[in-house]
Amino acid sequence: MGEVIYLPNARRGTTRLVDDSELTSAEIARLEAIRDNVEALLNMVAGIRRDPEAVAYAAARFGLMRMHFLHGRAATLAFANRCIETAEMAEDLSKG
């Protein structure tokens, strides 16, 4: 799953990134369920609105602005970069 931003103790400028090894299996399951549910909702809205690009921009804007408020610029950019790297790896795996 990679690194997770541990939200309960996060304050602007004091963001703490933790490895999966520091999370319990229940915490990992909870975070994965939230991620999966949000992605399912976004896919549903993209289908209903028939505009996946607009939904992607809206979701990214919301997420990045909220992350910046909670964790600051560096953590937000690092998270966005990890997401892009994951997408590139998935694309490479699907090609081969």
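Everything numeric in this text was worked out from a predicted model, so none of it was measured.

Trainee: Any chance you could explain the packing of helix H1 (residues 25-49) against helix H2 (residues 52-71) here in plain terms?
Mentor: Working note: a packed helix pair is described by the angle between its axes plus the distance between those axes. Between H1 and H2, the least distance of the axes is 8 Å, while the angle of their chain directions is 140 degrees. In terms of axis orientation, H1 runs oblique to H2. The chirality of how H1 crosses H2 is right-handed. Here Leu42, Val45 and Ala46 of H1 come into contact with H2, specifically with Pro52, Val55 and Ala59. Counted by class, the contact of H1 with H2 contains six nonpolar, no polar and no charged residues.

Trainee: Just to check I follow, could you spell out unusual backbone geometry for this structure?
Mentor: Across the chain, the bulk of peptide bonds are trans and the bulk of non-glycine residues have phi less than zero. One non-glycine residue, Arg50, adopts positive backbone phi at about 55 degrees. Within the secondary structure, Arg50 sits in the loop between H1 and H2.

Trainee: Explain the packing of H2 against helix H3 (residues 73-95) to me, please; I cannot follow it from the model alone.
Mentor: Axis separation between H2 and H3 bottoms out at 7 Å; the angle between their running directions is 140 degrees. Looking at the two axes, H2 sits oblique to H3. Regarding H2 and H3, the two cross each other, and that crossing is right-handed. Where H2 abuts H3, its residues Leu64, Met67, His68 and His71 lie against Arg73, Ala75, Thr76, Phe79 and Ala80. In the contact of H2 with H3, the residues fall into five nonpolar, three polar and one charged.

Rules used in this analysis
- Residues numbered from 1 in each chain as written.
- Predicted model: local features only at pLDDT ≥ 70, side-chain atom pairs only at ≥ 80, totals over all residues.
- Heavy atoms only, no water.
- Axes fitted to C-alpha atoms, helices over the stretch in contact; angles between N-to-C directions.
- Helix = DSSP H or I, 4+ residues; strand = E, 2+ residues; numbered from the N terminus.
- Parallel < 35°, antiparallel > 145°, perpendicular 65-115°, else oblique.
- Left-handed = near helix turned anticlockwise from the far one by under 90°.
- Contact = heavy atoms within 4.5 Å.
- Nonpolar A, V, L, I, M, F, W, Y, C, P; charged D, E, K, R; others polar.

Read these as layout, nothing more, since geometry by itself doesn't imply function.
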